[in-house]
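# Structural description and commentary
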Amino acid sequence: MAKERLYDFCTQCRDDRTYTLRKKIVKKEIKDKTYDFEIMVAVCDECGEEMDIPGLLDLNMKAIDEQYRRAEGLVSVEDINRIMAIYNIGKAPLSTALGFGKITITRYLSGQIPSKEYSDVIKRVLSTPNHMIKLLNDNAEKIGETAYKKAIKAAEEIAGMFCMSDKMLLTISYIFEQMQEVTPLALQKILYFIQGIYMVMFDKPLYKEDCMAWVHGPVYEEVYDLFKDFKFNPIEDNRFAILKERFEELDDQEKMVIDLVINTFGKYSGKVLENITHNEDPWKDARSDYEPLQPSREIISKEEIKKYFSNVANSYGIDSEEKLNNYIQSYL
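In the nomenclature of an unreviewed UniProt entry, the protein is known as DUF4065 domain-containing protein of Simiaoa sunii.

As structure tokens, this is what we get:
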């Protein structure tokens, strides 16, 4: 199917002309500091001059705003909207809970850029439900009874969801950031492979949680409980925005192992990864006394996982994508 040609009026040609959208870098000075921003321009196919296309200016202003906020580490309008959705709280109550003036959040949602100090306050409640609970309790009378009850209920539910170790949360956060989409089934297997490879390479577990030998392969029960509502669908929910950017707390060695697994095992569906684990000794040995579809809560010990992946390291190697891909192909 042929690509639709774009037309509009070219002031240089004085007639309707086709145009091509191209990326362009522009320099802008904000508060005595110069930034390079990527914008989109429409270029006339006839004369090569830039054309004024309806809606393009607004699109570029939004792009510049987003790029500036990223460059300065400032909270985005999208994240503020996420906070209100996550904690079931309106603009004025949120402003009050954060210790701001009542219309501060309204201004930020309208495009006003917050200071770094205020931005950091907002970003902290996005990443730390317990801090939001503290702020809500500290300012309960100012917020109002109805708004307080709704927000504190949501905050406590979210805080209760994250009853796992920081390393596990950070790992999940990094996986979400690096992968376009991941299902609960695939996530479980990716976490299992990360743990096994990390233990062999650095002689210690990355996270403290044990996994169990369930029917569909190794499963971390805490992670299952967190994402079970998504079933076989990709994980996408505003509540999990609180994981955003937490992965920055991971060190280079931890990120390296996670990247290795994402770039190899992460290319396959959860079902394919399940089949691979079904052929590996840790899962098979833990389920040796169970029927194929019989539920089990048998723990796959970290020692057995490390022993198995040590053998994989000896046979294939685990310190590069090529070596891990060779291991995967041996099962495919």
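When two helices pack together, their arrangement is given by the angle between their axes and by how far apart the axes lie. It is the contact of helix α10 (residues 184-202) with helix α15 (residues 302-315), at a shortest axis distance of 8 Å, that shows an interaxial angle of 75 degrees. If you check the angle between α10 and α15, you find them roughly perpendicular. Contacts between α10 and α15 involve Y192, F193, Q195, G196, I197, M199 and V200 from the first element and K302, I305, K306, F309, S310 and A313 from the second. Taken together, the residues that form the contact of α10 with α15 break down as 8 nonpolar, 3 polar and 2 charged.

Within the fold, E254 resides in helix α12 (residues 252-262). Among the polar contacts listed, one links the side chain of E254 to the side chain of K167, at a separation of 2.8 Å. Those residues in contact with E254 that sit more than four places away from it in its chain are K167, Y198 and L206.

Looking now at the sheet that holds strand β6 (residues 217-219). The antiparallel open sheet is built from 3 strands, whose spatial order is β6-β5-β7. The sheet terminates laterally at β6 and β7 (299-300), the two strands that pair on one side only.

This brings us to a negative patch on the surface. Among the surface-exposed residues, D281, D285, E303 and E304 lie close enough to one another that they form a single negatively charged patch. Residue assignment for the negative patch shows that the elements contributing at least two residues are α14 (281-286) and α15. Relative to the elements of secondary structure, E304 occurs in helix α15. Taking relative accessible area as the criterion, E304 reaches 36% and is therefore assigned partly exposed.

So, about the domain arrangement of the protein. Examined at the domain level, the protein breaks down into domain 1 (7-72), domain 2 (77-162) and domain 3 (164-330). Centre-to-centre, using C-alpha coordinates, domain 1 lies 35 Å away from domain 2. Domain 1 puts 4 residues into the contact, and the matching count from domain 2 is 7 residues. Across the interface of domain 1 and domain 2, roughly 350 Å² is buried in total on both sides, 52% from carbon and sulfur atoms. Counting the surface domain 1 buries against domain 2, the share from its top three residues, Y68, R69 and E72, is 86%. Remark: the boundary between domain 1 and domain 2 carries 0 salt bridges. Taken together, the links from domain 1 to domain 2 amount to 0 residue pairs in polar contact (both at pLDDT 80 or more). Of the residues belonging to the side of domain 1 that touches domain 2, the class tally is 1 nonpolar, no polar and 3 charged.

The rules behind these values
Residues numbered from 1 in each chain as written. Predicted model: local features only at pLDDT ≥ 70, side-chain atom pairs only at ≥ 80, totals over all residues. Heavy atoms only, no water. Axes fitted to C-alpha atoms, helices over the stretch in contact; angles between N-to-C directions. Helix = DSSP H or I, 4+ residues; strand = E, 2+ residues; numbered from the N terminus. Parallel < 35°, antiparallel > 145°, perpendicular 65-115°, else oblique. Contact = heavy atoms within 4.5 Å. Nonpolar A, V, L, I, M, F, W, Y, C, P; charged D, E, K, R; others polar. Polar contact = N/O pair within 3.5 Å; in protein donor to acceptor, adjacent residues only side chain to side chain. Pairing = 2+ DSSP bridges. Patch = residues over 30% accessible without salt bridge, like charges linked within 9 Å, V, L, I, M, F, W, Y side chains within 5 Å. Areas by Shrake-Rupley, 256 points an atom, 1.4 Å probe, with all protein chains shown as cover. Salt bridge = Lys/Arg side-chain N within 4 Å of Asp/Glu carboxyl O. Lys, Arg positive; Asp, Glu negative; His and termini not counted. Charge placed at Lys NZ, Arg CZ, Asp CG, Glu CD. Buried < 20%, exposed > 50% of the residue type's maximum accessible area, 1.4 Å probe, protein only. Domains from an automatic or database assignment. Buried area = accessible area lost by both parts, 1.4 Å probe.

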